[in-house]
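As a plain string of letters, each chain reads:
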Amino acid sequence: MAVKDRDRFSTATRLRALGEQTAARVYRSQTKRQARRSRLTSRAALLALVLCSLIVALAYPTRQYVSQRAEVADLERQQDQARERVEQLRDLKARWQDDAYAEQQIRLRLHYVMPGETGYIVIDPDAAKQSRAEQGAAARPWYANVWDGVDKSDRAAR
């Protein structure tokens with residue numbers, strides 16, 4: 001035992017014990033640092049930066065694409081409406097080529113009658129009861145409006 005006691009106080013033994021204590025402290029500090037270390041590594045940060053830049057770079061073209069698709073759909077709708085209108089006008093032109101249809105429209109719109117026929121125009125009795133003052137200014141001829149103005153000014157002077 002005397003040898004053990006001597007070794008216990010020797011410089012080599014003390015240095016060895018000091019080294020072991022230091023190694024144990026370093027190991028403990030490394031394990032604590034690893035536990036506290038955030039999960040965000042440089043690779044993850046770089047990946048997040050690349051993804052954000054891709055999103056920003058693709059946002060404007062994507063918005064343009066969506067707006068252009070909406071514009072194309074609107075133009076296609078207008079084109080379909082124009083086709084329908086062309087078909088309606090072709091149908092109307094074909095009807096006007098028929099003499100019976102043209103004669104019917106002339107009689108209806110222009111009040112023409114065939115020779116030997118008597119033409120009658122039925123006037124709405126309610127429309128005849130309206131006075132000129134009750135009619136709107138746009139519904140009457142201009143000279144009627146002028147004459148009414150003269151009548152009103154004449155009545156106001158009395």
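Every chain is numbered independently, its residues counted from 1 as its sequence is written. Given that the model is predicted, a residue must reach a pLDDT of at least 70 before its local features are reported, and side-chain atom pairs must reach 80 or more before they are shown or counted; all residues, however, enter totals for whole chains, interfaces and linings. Values shown for side chains rest on all heavy atoms present in the structure; no hydrogens or waters enter the calculation.

S.K.: Outline the overall build of the protein, supporting the account with residue identities and numerical values.
M.R.: Regarding its fold elements, the protein presents six helices and zero strands. Overall, the protein shows an N-to-C arrangement of helices and strands of α-α-α-α-α-α. Burial here depends on accessible area, computed with a 1.4 Å probe over protein chains only, as a share of the maximum for the residue type. Under 20% is buried, over 50% is exposed, and the range in between is partly exposed. Counting every position in the protein, which comprises 158 residues, the buried fraction comes to 4%. Using a 1.4 Å probe, the Shrake-Rupley method yields the accessible areas, and only the shown protein chains count as cover for residues. Total accessible area on the protein stands at roughly 15,100 Å², and carbon and sulfur atoms take up 58% of it. Helix numbering and strand numbering both begin at the N terminus, where a helix is a DSSP run of H or I of at least 4 residues and a strand a DSSP run of E of at least 2.

S.K.: An account of the side chain of Gln 105 is needed here, citing residue identities and associated values.
M.R.: Considering the arrangement of structural elements, one finds Gln 105 in helix H4 (residues 99–110). Under the relative-accessibility criterion, Gln 105 is labelled buried at 9%. Contact definition: two residues touch when any of their heavy atoms are within 4.5 Å. Filtering out sequence-adjacent residues up to four positions away, Gln 105 remains in contact with Trp 96 and Leu 110.

S.K.: Tell me what's going on with a nonpolar patch on the surface, and back it up with residues and numbers.
M.R.: Nonpolar side chains (Val, Leu, Ile, Met, Phe, Trp, Tyr) within 5 Å and like charges within 9 Å form the patches, drawn only from residues with over 30% relative accessible area and no salt bridge. Salt bridge criterion: a side-chain nitrogen from Lys or Arg within 4 Å of a carboxyl oxygen from Asp or Glu. A contiguous nonpolar patch, built from Leu 46, Leu 47, Leu 49, Val 50, Leu 51, Leu 54 and Leu 58 and spanning about 680 Å² of accessible area, is present on the exposed surface. Relative to the assigned elements, Leu 51 resides in helix H3 (residues 42–97). Residue classification places Leu 51 among the partly exposed residues on the basis of a relative accessible area of 45%.

S.K.: Would you mind going over the packing of H3 against H4 in detail, with residue names and values included?
M.R.: A fitted line through C-alpha atoms serves as each axis, taken over the contacting stretch for helices, and the angle formed by two N-to-C directions is quoted from 0 to 180°. Put simply, H3 and H4 touch, their axes get as near as 5 Å, and they point 90 degrees apart. Classified by the interaxial angle, the pair formed by H3 and H4 is roughly perpendicular. Where H3 abuts H4, its residues Leu 92, Arg 95, Trp 96 and Gln 97 lie against Asp 99, Tyr 101, Ala 102, Gln 105 and Arg 109. All amino acids are sorted into three groups, where Ala, Val, Leu, Ile, Met, Phe, Trp, Tyr, Cys and Pro are nonpolar, Asp, Glu, Lys and Arg are charged, and the leftover types, Gly among them, are polar. Its residues assigned to classes, the contact of H3 with H4 comprises four nonpolar, two polar and three charged. These descriptions rest on fixed angle ranges, namely under 35 degrees for roughly parallel, over 145 for roughly antiparallel, 65 to 115 for roughly perpendicular, and the rest for oblique.

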